[in-house]
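# Fold and contact review
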Amino acid sequence: MGTVLVVMLSVAGYGAYNIYSGLNDDGGGGGSKDRTIADTAKPVAAEDITKTAAAFLAAWSSGDVQKAAVLTDSMRTATAAMTSLTKDAKVSKVTATPQPLNGTTVPFTVKATVSYESLPPKEWDYSSQLTVDRNLSGEPVVKWTPGVLVPGVQENQSIVTGQATSPQLDLVDRNDKVMTVDKYPGLTDVFTDLRKRYKGTGGTPGIETYIADAHQDTVKTLLVVKPGKNARLKTTLDATLQAAADKAVASATNAGVTALDTRTGEILAMATNPPGGENYALALKAPGSTFKIVSATALMLAPHSKAYPNGIGPSSAARCVDGYNVVGGKQYHNVTRDNLDADLAWDFAQSCNTGFIRLSPNLEQPNGLSDVGRKYFGIGGKAEPWYVGTGTEDGSIPGGTGDEFTSEMIGQGQVLMNTLNMASVSATVVNGKFLQPTILQDKSLIENRTTIPTTRLPGYVQQGLKQMMKQTADHGTAAGLLNGVARPYGAKTGSAEENQGQADGWFTAYAGHVAAAGVVVGGGHGNASAGPIVAAVLKAAA
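Residues numbered from 1 in each chain as written. Predicted model: local features only at pLDDT ≥ 70, side-chain atom pairs only at ≥ 80, totals over all residues. Heavy atoms only, no water.

Right, let's get into the pattern of salt bridges. All chains considered together, the criterion is met by nine salt bridges. Between Arg-232 and Asp-176 there is a salt bridge, with the nearest N and O atoms lying 3.5 Å from each other. Taken together, the residues span a long stretch of sequence, with Arg-232 in strand E10 (residues 231-234) and Asp-176 in the loop between strand E6 (169-172) and strand E7 (178-179) at a distance of 56 residues. Its salt-bridge partner being Arg-263, residue Asp-261 comes within 3.0 Å of it at the nearest N-O pair. Sharing partners across several salt bridges, the network here consists of Arg-174, Asp-261, Arg-263 and Glu-266. (Salt bridge = Lys/Arg side-chain N within 4 Å of Asp/Glu carboxyl O. Helix = DSSP H or I, 4+ residues; strand = E, 2+ residues; numbered from the N terminus.)

Below, the structure is given as structure tokens:
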């Protein structure tokens, strides 16, 4: 009887294996002939997602690469990746544990052991996630991507353990204090980027587990197995402000902040959360109403008109009425109350969209905003790239006509900025002239950097912007947030809708000789989300 039972179990196991192994590399074939196209498109039930993910992670953890691979939609690629993790990354043990289901996505934690030659084994803990979909036979399978096993891996990249291609880098702040990525995690991406761009002085590579590109150069360090001697690179960062920035962004999900010295344009702090993911300090997003600093500048520079023979200034009438539109254009809405007696300063401080839309006919289309951005703020139009020393895409003000132009007036449409750009906009208000940002003390190290020609803001425009930003901080949408910062101070809040989700929250401000800007993706109103982050950085500088 025992023999018969063993045979029956073996046959059952063989049959189950054949169901999986019959799938081709694309996940097609081998399934039930009764499956239909409708079956493959049918959403996977939560129970099946959980079971499939658990089975895959259990097989991978047990070292059964073949069993894990047949549970994916790309058996050959998955097999190669798991084999490489053992062979090339020297991962000798894996324990992957699924976490609660999030839609069709299953987050999981990994506890791995890296064993390199005669060195003591090194523990490596991290988190990743996978999704479950149907293959061409309608069976639930893990949807394979390069980043399933280890997040951040892209096509044509691999994970390697060995001597790094360059030494780790110590960033030295403006006061000669050594800054490490362990202590300042909000700089993780910047550390990695600077390490690739600059060799620093001195240093020897250590033994690391890292993501390697097609040339086997280090893309990102994942684990330091044996430290080498770090190189040193002098930056403009301020360790005190960087610590405040790291702490501030840690209080929000998907957040970034940048701070600048308004006297020099030097970057004092830059942080993103979560560390190592998308760098939200440098990600280009619609800036919402923080961009009204540029729009207000353009309005105050507009030629005198019949309606405004003395030009437009903070006290110029611009009534705030919800639903207003320029003739033939889309309707715009406000989060603030209607005010028939509003002027530009009130619209700015209370973030009234339609007040700005009402004044938009005073500007030339399509380049009225982009020309001002380029000429006075060094951004938009045909402005040269900033080349600050670390990788960043500069913002853009493409210009346009009709609804695109009026949308750009309030920081929507195709306008894109990051927190570095918006911190620089505030710094220009304080200084009166654009100062090209830098993160390196020795700017001659920055490849392709050229001086960007800009024009100083006229005195009356600079004073008007300062007046309106202070009014925003004292009595407007930023009221109370800048209590305790250095003087003079001023602020502008914003929110920007992306697709149908929660709006991104924006905030930019200056206090004393520091200007900063922050964003919280999906944070809603900027005063409640990004405002406290920027305020914390400015208070640390007081």
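Every buried residue belonging to helix H6 (residues 188-197) is among Thr-188, Val-190, Phe-191, Asp-193, Leu-194 and Arg-195, and all of these are buried. Tucked inside the fold, the buried residues of H6 contact E6, E7, strand E8 (207-212), strand E9 (218-226), E10 and strand E12 (267-273). (Buried < 20%, exposed > 50% of the residue type's maximum accessible area, 1.4 Å probe, protein only. Contact = heavy atoms within 4.5 Å.)

Before going further, it helps to examine unusual backbone geometry. Note that the residue after Asn-273, namely Pro-274, is joined by a cis bond; omega there is 5°. Geometrically, the link from Arg-487 to Pro-488 is a cis peptide bond, its omega value of -5° lying close to zero. Tracing the chain through its elements places Pro-488 in the loop between helix H14 (459-475) and strand E13 (489-496). Positioned with a positive phi, Asp-176 is a non-glycine residue whose angle comes to about 65°. Located in the positive-phi region is Gln-216, a residue other than glycine, with phi close to 70°. Among the structural elements, Gln-216 can be located in the loop between E8 and E9. Classification of Gln-216 by relative accessible area gives partly exposed; the value is 38%.

It is worth spelling out the sheet that holds strand E4 (residues 140-142) at this point. Taken in spatial order, the four strands make up an open sheet running E1-E2-E3-E4, and their pairing is antiparallel. Here the strands that pair on one side only, and so sit at the sheet edges, are strand E1 (91-98) and E4. Here the average twist between neighbouring strands, direction ignored, is 30°. Most of the contacts of helix H3 (residues 46-62) go to E1, to which it runs at about 160°, and overall it touches E1, strand E2 (105-114), strand E3 (122-134) and E4. (Pairing = 2+ DSSP bridges. Axes fitted to C-alpha atoms, helices over the stretch in contact; angles between N-to-C directions.)

Our next topic: the sheet that holds E9. An order of E5-E8-E9 is seen for the three strands of this open sheet, with the pairing classed as antiparallel. In this open sheet, the two edge strands, each paired with only one partner strand, are strand E5 (158-163) and E9. The average angle at which neighbouring strand axes cross in this sheet is 25°, direction not considered. Of the strand pairs in this sheet, E8 and E9 are connected by six bridges, and their pairing is antiparallel. What sits directly across from Ile-207, in E9, is Lys-226.

Once that is clear, we can look at empty space enclosed by the protein. One pass over the structure, following the stated rule, counts one cavity of 30 Å³ or more. Quantified by volume, the largest cavity comes out at close to 40 Å³. Taken together, Asp-261, Thr-262, Gly-265, Ser-424, Ala-427, Thr-428, Lys-433, Phe-434 and Leu-435 make up the lining of the largest cavity. No other element matches helix H13 (residues 419-431), which puts three residues into the lining of the largest cavity. Across the lining of the largest cavity, the residue classes tally to three nonpolar, four polar and two charged. (1 Å grid on protein atoms, 1.4 Å probe; cavity = no way out; pocket = protein on both sides within 12 Å on 5 of 7 lines; lining within 4 Å. Points joined across faces, edges and corners; volume = space filled by probe spheres on them. Nonpolar A, V, L, I, M, F, W, Y, C, P; charged D, E, K, R; others polar.)

Overall, the coordinates contain four aromatic pairs when judged by the stated rule. With a centroid separation of 6.4 Å and an interplanar angle of 70°, the aromatic rings of Phe-56 and Trp-144 are classed as edge-to-face. Taken together, the residues span a long stretch of sequence, with Phe-56 in helix H3 and Trp-144 in the loop between E4 and E5 at a distance of 88 residues. Neither Phe-56 nor Trp-144 differs from the other in exposure class; each is buried. Aromatic side chains Trp-124 and Tyr-126 sit 4.6 Å apart centroid to centroid with 40° between the ring planes, which places their arrangement in the tilted category. Note on accessibility: Trp-124 and Tyr-126 belong to one class, buried. (Phe/Tyr/Trp six-rings, centres within 6.5 Å; stacked < 30°, edge-to-face > 60°.)

Quick look at the confidence of the model for the protein now. For the protein, per-residue confidence averages 90 on the pLDDT scale, and 92% of positions sit at 70 or higher. Segment residues 1-33: pLDDT under 50, and 32 contacts once partners within four positions in sequence are set aside and those in other chains are kept. (pLDDT = per-residue confidence, 0-100.)

Let us now look at the layout of surface pockets. A water-sized probe rolled over the atoms picks out the places where empty space is left. A volume near 1100 Å³ is recorded for the largest pocket. In this structure, the largest pocket is lined by 39 residues; those nearest its centre are Val-181, Thr-188, Lys-220, Thr-221 and Leu-222. At eight residues, the largest contribution of residues to the lining of the largest pocket is made by E9. Counted by class, the lining of the largest pocket contains 16 nonpolar, 14 polar and nine charged residues.

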